[in-house]
Amino acid sequence: MTSFHPSRLRLSVVKIPKPQIVSRHLCNFLAATTLSSDAQLYFHPTTHPSSPDPIQDPAQALPSLLSNCPNLLELNQIHAHIIRTRFLESYPASFQWNNIIRSYTRLEDYRHALRVYTAMSGAGVSPDSYTIPIVLKAVCQAFAVDFGRQVHSVAIRHGLESNEYCESGFISMYSKGGEFENARKVFDQNPRRKLGSWSAIIGGLSQGGRAKEAVAMFMEMKKSGFEPDDVTMVGVTSACGSLGQLNLALQLHKCVYQVKRSEKSHILTLNSLVDMYGKCGRMDLAYRAFSRMDERNVSSWTSMIVGYAMHGQMHAALKCFKNMREAGIRPNHVTFIGVLSACVHGGAVQEGKHYFDMMTTTYRIVPGMQHFGCMVDLLGRAGLLEEAREMVERMPMKPNIIVWGCLMGGCEKHGNVKMGEWVAEHMIELEPWNDGVFVVLSNIYASRGLWREVERVRGMMKERKLDKVPAYSFSTNAD
């Protein structure tokens, strides 16, 4: 087996290697088979006889190696070698642990990032003000609120709970977990809170469906003398879109152009404008904001497509999708939800099938619950109930109540008794307390003149002490 040459791992002090160079170094790095003299050489900087420059200290080389790591396979190999060579025993500073946690978070392996943090705690290394925010990002993405509570207690023990970035991280974590009271407690406990905490509470309320509270908090922030930044504006414009208040939207538009922002945040805030106007029903204003963007990313195009779809403008949505592809922008799973929703509203069955196939074959995107829901809704509305049933039966995940509701809506529209009864059994199993399924089933029987069955269902409803809800139907779309 190839012997280990520590000199090959050493990265230039001046020039950070490109990803492909890092990969070559990684291959040499992982060639070690023993931990004795090789490990000792790696942990102590030396001078290679063929190189005039001193070899970089591994404690300085490793961060570059981690930050340039392009995928999880290589990161796992690096981490395994770090463990095998006991690197962190020789360099136990929290800085080194932070780099590993950050790398796993960057590559979206959030559970592994949390395991590294657990190992860090087990090694007796105290977190610092950089550790906690990184860990909290992983906690939020992994929806590990219980784990986050433990991190919160550690932060309090080390006096980090009032750090600006830690505090905003805890607010975001509790908000994402639906624990708004705890989020508010964290926010209220620091009278000298900074803008980051205001942005976190506004964004958390907005994402948690508390749009009115988010807007009210924004107003309170302005009264307190704070000027919003790009993060604040993304949160409050999203809340405004949920409320559909055009007058507020026009006022917030002015604020967006007043905030200081970087090039990346500029795209985020303009995307939020497009999304806001779309939700307010003003696609003309959404398009105006979109057309004035110097640079557009996948979110920009997706916001336009979803906006058009939401308001039943199928042709505009599909044309926008075509322009997006011609511009070389790769669509994501949210883009296809918008495209399929547009097909549902336009009753375009063949187009819907075409785009569903495109998603899986051309872009290798695995369909999710909402994609299947759109297809079931599309087929059901068109009367292709057997195809819709086949779609449900071949789903890789268990259909939720929305998907079953779409199929039930198709059965109601086309008076399919047999399939309606089959769907009703599954819906009752999922939500035995919900009376909507009995109402729709009764309607299906009535449409076919099966009055004895109608009476039977109504009798069941009386026994369960259920009342028919006026204008209620499970015929719902999966947008």
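This is a predicted model, so every value here is computed, not measured. (Residues numbered from 1 in each chain as written. Predicted model: local features only at pLDDT ≥ 70, side-chain atom pairs only at ≥ 80, totals over all residues. Heavy atoms only, no water.)

Colleague: Residue-level account of the overall build of the protein, with values.
Modeller: In terms of regular secondary structure, the protein is built from 28 helices and zero strands. Per-residue burial over the protein gives 49% buried out of 479 residues. Contacts spanning at least 24 positions in sequence make up 64% of the contacts within the protein whose residues lie at least 6 apart. Only carbon and sulfur atoms are counted for the fraction: they give 52% of the accessible area of the protein, which is about 24,200 Å². (Helix = DSSP H or I, 4+ residues; strand = E, 2+ residues; numbered from the N terminus. Buried < 20%, exposed > 50% of the residue type's maximum accessible area, 1.4 Å probe, protein only. Contact = heavy atoms within 4.5 Å. Areas by Shrake-Rupley, 256 points an atom, 1.4 Å probe, with all protein chains shown as cover.)

Colleague: Any details on the packing of aromatic side chains? Residues and values, ideally.
Modeller: Throughout the structure, instances matching the rule amount to eleven aromatic pairs. Note on Phe 321 and Phe 336: the rings are 5.5 Å apart at their centroids and 65 degrees apart in plane angle, and the pair reads as edge-to-face. Here the residue Phe 321 occupies a position in helix α20 (residues 314-326), and Phe 336 occupies one in helix α21 (residues 333-346), the gap between them amounting to 15 residues. The buried category is assigned to Phe 336, whose relative accessible area is 0%. Here Arg 193 stacks its cationic end above the ring of Phe 187, 4.1 Å away from the centre of that ring. A cation sits over an aromatic face here: Arg 296 above Phe 290, 4.5 Å from the ring centre. (Phe/Tyr/Trp six-rings, centres within 6.5 Å; stacked < 30°, edge-to-face > 60°. Lys NZ or Arg CZ within 6 Å of the ring centre and 35° of its normal.)

Colleague: Describe the layout of surface pockets, with residues and values.
Modeller: In this structure, the largest pocket occupies an estimated 1,400 Å³ of space. Elements with a minimum of two residues in the lining of the largest pocket: α7 (94-106), α9 (131-142), α11 (164-176), α13 (195-207) and α15 (230-243). In terms of residue class, the lining of the largest pocket is built from 13 nonpolar, 15 polar and seven charged. Reported here for the second largest pocket is a volume of approximately 930 Å³. Considering the residues around the second largest pocket, the lining is formed by 26 residues, among which Val 234, Asn 271, Asp 275, Ser 299 and Ser 303 are closest to the centre. Broken down by secondary-structure element, the contributors of at least two residues to the lining of the second largest pocket are α15, α17 (263-279), α19 (298-310) and α21. Element by element, the count of residues in the lining of the second largest pocket is highest for α17, at eight residues. Partitioned by chemical class, the residues of the lining of the second largest pocket number nine nonpolar, twelve polar and five charged. (1 Å grid on protein atoms, 1.4 Å probe; cavity = no way out; pocket = protein on both sides within 12 Å on 5 of 7 lines; lining within 4 Å. Points joined across faces, edges and corners; volume = space filled by probe spheres on them. Nonpolar A, V, L, I, M, F, W, Y, C, P; charged D, E, K, R; others polar.)

Colleague: Could you give me a rundown of the nonpolar core, with the residues and numbers involved?
Modeller: With 140 residues, the main nonpolar core has Phe 170, Leu 407, Met 408 and Val 423 as its most contacted residues. Tallying contributions element by element places α9 first for this core, with eight residues. Residue contacts for Phe 170: discarding those within four places in its chain leaves Ile 132, Leu 136, Gly 148, Val 151, His 152, Ala 155 and Val 186. (Core = buried A, V, L, I, M, F, W, Y, C linked by side-chain atoms within 4.5 Å.)

Colleague: Requested: an account of the pattern of salt bridges, with residues and values cited.
Modeller: Pairing between side chains of opposite charge can happen when the charged atoms of each approach one another. This structure, assessed with the given rule, holds twelve salt bridges. Measuring nitrogen to oxygen at the nearest pair gives 3.7 Å for the salt bridge that ties Lys 322 to Glu 326. Here Lys 322 and its partner Glu 326 are both found in helix α20, four residues apart, which amounts to about one turn of the helix. As a salt-bridge pair, Arg 389 and Glu 393 come within 3.3 Å of each other at their nearest N and O atoms. Residue Arg 389 and its partner Glu 393 are located together in helix α24 (residues 385-393), separated by four residues, close to a single helical turn. According to the relative accessible area criterion, Arg 389 is partly exposed, its value standing at 23%. Through salt bridges with shared partners, a single network forms among Asp 146, Arg 149 and Glu 179. (Salt bridge = Lys/Arg side-chain N within 4 Å of Asp/Glu carboxyl O.)

Colleague: How would you sum up the packing of helix α5 (residues 72-84) against α7? Please name residues and give values.
Modeller: When two helices pack together, their arrangement is given by the angle between their axes and by how far apart the axes lie. α7 packs onto α5 with a crossing angle of 160 degrees between their chain directions and a minimal axis gap of 10 Å. Judged on the interaxial angle alone, α7 and α5 are roughly antiparallel. Seen from above, α5 lies across α7 with left-handed handedness. Residues Leu 72, Leu 75, Asn 76, His 79 and Ile 82 of α5 lie in contact with α7, whose contacting residues are Ile 100, Ser 103 and Tyr 104. Residues that form the contact of α5 with α7 fall into these classes: five nonpolar, three polar and no charged. (Axes fitted to C-alpha atoms, helices over the stretch in contact; angles between N-to-C directions. Parallel < 35°, antiparallel > 145°, perpendicular 65-115°, else oblique. Left-handed = near helix turned anticlockwise from the far one by under 90°.)

Colleague: Can you tell me about helix α22 (residues 349-361), naming the residues and giving the values?
Modeller: An α-helical turn contains 3.6 residues, so a residue and the one three or four places further along point in the same direction. For α22, built from 13 residues, the straight-helix expectation of 18 Å at 1.5 Å per residue is met to within 8% by its first-to-last C-alpha distance of 18 Å. All of the buried residues in α22 are Val 349, Gly 352, Tyr 355, Phe 356, Met 358 and Met 359. On its buried side, α22 packs onto α20, α21, α23 (369-381) and α24. (Expected span 1.5 Å × (residues − 1).)

Colleague: Now, about the environment of Val 256: what can you tell me, with residues and values included?
Modeller: Secondary-structure assignment places Val 256 in helix α16 (residues 246-256). Of the residues examined, Val 256 reaches a relative accessible area of 0% and is grouped as buried. Along the chain, Val 256 and Met 233 lie 23 residues apart, while their C-alpha atoms are 6.4 Å from each other.

Colleague: Tell me about unusual backbone geometry, and please be specific about residues and values.
Modeller: Working note: non-glycine residues mostly have negative phi, and peptide bonds are mostly trans. A positive phi angle, near 65 degrees, is found at Glu 108, a position not held by glycine. For Glu 108, the position within the fold is in the loop between α7 and α8 (110-122). Assessed through its relative accessible area of 58%, Glu 108 is described here as exposed. A positive phi angle, near 55 degrees, is found at Arg 364, a position not held by glycine. Looking at the secondary structure, you find Arg 364 in the loop between α22 and α23. Here Arg 364 falls in the exposed class, since its relative accessible area comes to 68%.

Colleague: Now, about the side chain of Ser 175: what can you tell me, with residues and values included?
Modeller: As for its placement among the helices and strands, Ser 175 is situated in helix α11. Look at Ser 175 and you get buried, because its relative accessible area is 4%. Polar contacts involving the side chain of Ser 175 include one to the main-chain carbonyl oxygen of Ile 171, which spans 2.8 Å. (Polar contact = N/O pair within 3.5 Å; in protein donor to acceptor, adjacent residues only side chain to side chain.)

Colleague: Report on the environment of Gln 350, specifying residues and quantitative values.
Modeller: Here Gln 350 shows up in helix α22. Taking relative accessible area as the criterion, Gln 350 reaches 57% and is therefore assigned exposed. With 29 residues separating them in the primary sequence, Gln 350 and Leu 379 have C-alpha atoms 9.9 Å apart.

Colleague: Go over the confidence of the model for the protein with me, naming the residues and quoting the values.
Modeller: Residues at a pLDDT of 70 or more form 84% of the protein, whose mean pLDDT is 85. Per-residue pLDDT stays below 50 along residues 1-55; that stretch engages in 74 contacts with residues further than four places along the chain or on separate chains. A low-confidence stretch, residues 466-479 stays under pLDDT 50, and its non-local contacts, those more than four residues away or across chains, total 44 contacts. (pLDDT = per-residue confidence, 0-100.)

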